[in-house]
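# Chain and residue survey
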Amino acid sequence: MVQARLPVAPRPFRDELLSSWVARVAARYGAEPLELMVYLAGQGGKGAGARQVDDVARDMGPLMLWAKACRIDPERLRRRSLASRYPDRPRDWFLTETVPVCPACFDADVAAGRDAYLRGHWRLAEQVVCPVHQTMLLDRCPACRGRLRPSLRMLNGLLRPFCRKCDAVLTGGGGKVDFAAGVLELQRQISEIVRRDSGRLDRLEYAIRTLWAPLDRDGAARPVLALWYDEPGWNCPFEARAAVGRPAPLHHLSVRWRALTLVILHDLFGADLVPGAVLPEAALVLFQRAAPLPWLSEGQGTRAFKGKRGIDVGAERVHRLSKRPVHRLNGNFLDERGDFGRIHP
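What you see is a predicted model; the values in this text were computed from it and never measured. (Residues numbered from 1 in each chain as written. Predicted model: local features only at pLDDT ≥ 70, side-chain atom pairs only at ≥ 80, totals over all residues. Heavy atoms only, no water.)

### Re the pairing of strand 1 (residues 150-155)
- Here strand 1 runs beside strand 2 (residues 158-163); their pairing, made up of six bridges, is antiparallel. Counterpart to leucine 152 in the pairing with strand 2 is proline 161.
- Linking two consecutive strands that pair antiparallel, namely strand 1 and strand 2, is a turn of two residues; a positive phi of about 55° is found at asparagine 156 within it. (Pairing = 2+ DSSP bridges. Helix = DSSP H or I, 4+ residues; strand = E, 2+ residues; numbered from the N terminus.)

Shown next, in the form of structure tokens:
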């Protein structure tokens, strides 16, 4: 069977996500990426292109399908996968679900007379601030406050991003803020560690996993970093509970919680952002209160086992407890007491 050729197919931008380029191609035909993928797969024969385009992996199956349909060199598409752009980056440091965005970047695209598109570095787990506009990335729609899933549609001759839930156009960056500028330097330091220093990266991952480990108290549904707060009895908000007890907590955190994690690392360990031979007093108090989960004590070589180890029974119980109601009087999970006070200076 002869595969169809698309008469109009925009070229990918240099820093564009593959999924963003696929969405722009589909939007030119008034379709969603999955709809056009199904069509192209049917034209290519039984079972062709059954998989979706993966931003991270060098998966040539679906890329070959799109490359032929759009008359583009498949190698050019392969080089735009995040695995090719960041060959030494561990997979745990790529976001695999929601992609946060910078509306100011979208406005800049329109001002330059080009389609809006999603940048590749928005999928990096430590990226929480736009380095160009120094504004926090968004993973919630400013209009409906729902989890953001952008949809590209034509508006005044250019593709613009809309909220898939409420159809609001994503625009306006909100201006620079001091908090974002401070976090920008922290995320730059984290990127340097992830790219170039495997020894410090092991310690960094250990510290993040420990901060998001459940407390040592039996049945506690709070993460260790709850002790960093001033208010006694602080309970873990719903949007952050999915990260408690996970081997790669940054994957499950919103932009603001990932930014706060970087700030806490800086408060605890200073400019290095990683624990050294001797833990600072504040970090020692927190780390001693972490539940004894297996992956907290493995040390070097931890990344080699990621993905092969499920969450143990204790952590599974944490996730069950996190769905329990909060007592209206003390603001804590039922059957727990707010018995800790101020930790950080």
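There's more to say after this.
### Regarding unusual backbone geometry
- Residues other than glycine seldom take positive phi values, yet arginine 145 does so here, at roughly 65°.
- On the accessibility criterion, arginine 145 (53% relative accessible area) is exposed.
- Phi angles above zero are rare outside glycine, and asparagine 156 is one such case at about 55°.
- Topologically, asparagine 156 is positioned in the loop between strand 1 and strand 2. (Buried < 20%, exposed > 50% of the residue type's maximum accessible area, 1.4 Å probe, protein only.)

### Quick notes on the packing of aromatic side chains
- For the structure shown, the criterion picks out seven aromatic pairs.
- For the pair tryptophan 212 and tryptophan 257, a centre-to-centre distance of 5.9 Å together with 80° between the ring planes defines the contact as edge-to-face. Here tryptophan 212, found in the loop between helix 8 (198-211) and helix 9 (255-269), pairs with tryptophan 257, found in helix 9; they are 45 residues apart in sequence, far enough to count as distant. The same class applies to tryptophan 212 as to tryptophan 257, namely buried.
- Taken together, a centroid distance of 6.1 Å and an interplanar angle of 75° make the contact between phenylalanine 269 and phenylalanine 287 edge-to-face. Pair noted here: phenylalanine 269 is in helix 9 and phenylalanine 287 is in helix 10 (residues 281-288), with a separation of 18 residues, a long-range link.
- The class for phenylalanine 269 is buried, based on a relative accessible area of 11%.
- Residue classification places phenylalanine 287 among the buried residues on the basis of a relative accessible area of 11%.
- Through successive ring pairs, a cluster of aromatic residues spans Tyr206, Phe269 and Phe287.
- Taking NZ or CZ as reference, arginine 89 lies 5.6 Å from the ring centre of tyrosine 86, over its face. (Phe/Tyr/Trp six-rings, centres within 6.5 Å; stacked < 30°, edge-to-face > 60°. Lys NZ or Arg CZ within 6 Å of the ring centre and 35° of its normal.)

### Focus on the state of the cysteines
- With the rule as written, the count across this model stands at zero disulfides.
- Between cysteine 102, a free cysteine, and cysteine 130, which holds the nearest cysteine sulfur, the sulfur-to-sulfur gap is 3.7 Å.
- In this model cysteine 105 remains outside any disulfide bridge; the closest cysteine sulfur is found in cysteine 130, 3.7 Å from its own.
- Its relative accessible area of 7% is what places cysteine 105 among the buried residues. (Disulfide = S-S within 2.5 Å.)

### Details of the side chain of serine 254
- Turning to its location among the elements, serine 254 is positioned in the loop between helix 8 and helix 9.
- Within polar-contact distance, the side chain of serine 254 engages the side chain of glutamate 239 at 3.4 Å.
- The residues touching serine 254, leaving out its near neighbours within four places in the chain, are Asp139 and Glu239. (Polar contact = N/O pair within 3.5 Å; in protein donor to acceptor, adjacent residues only side chain to side chain. Contact = heavy atoms within 4.5 Å.)

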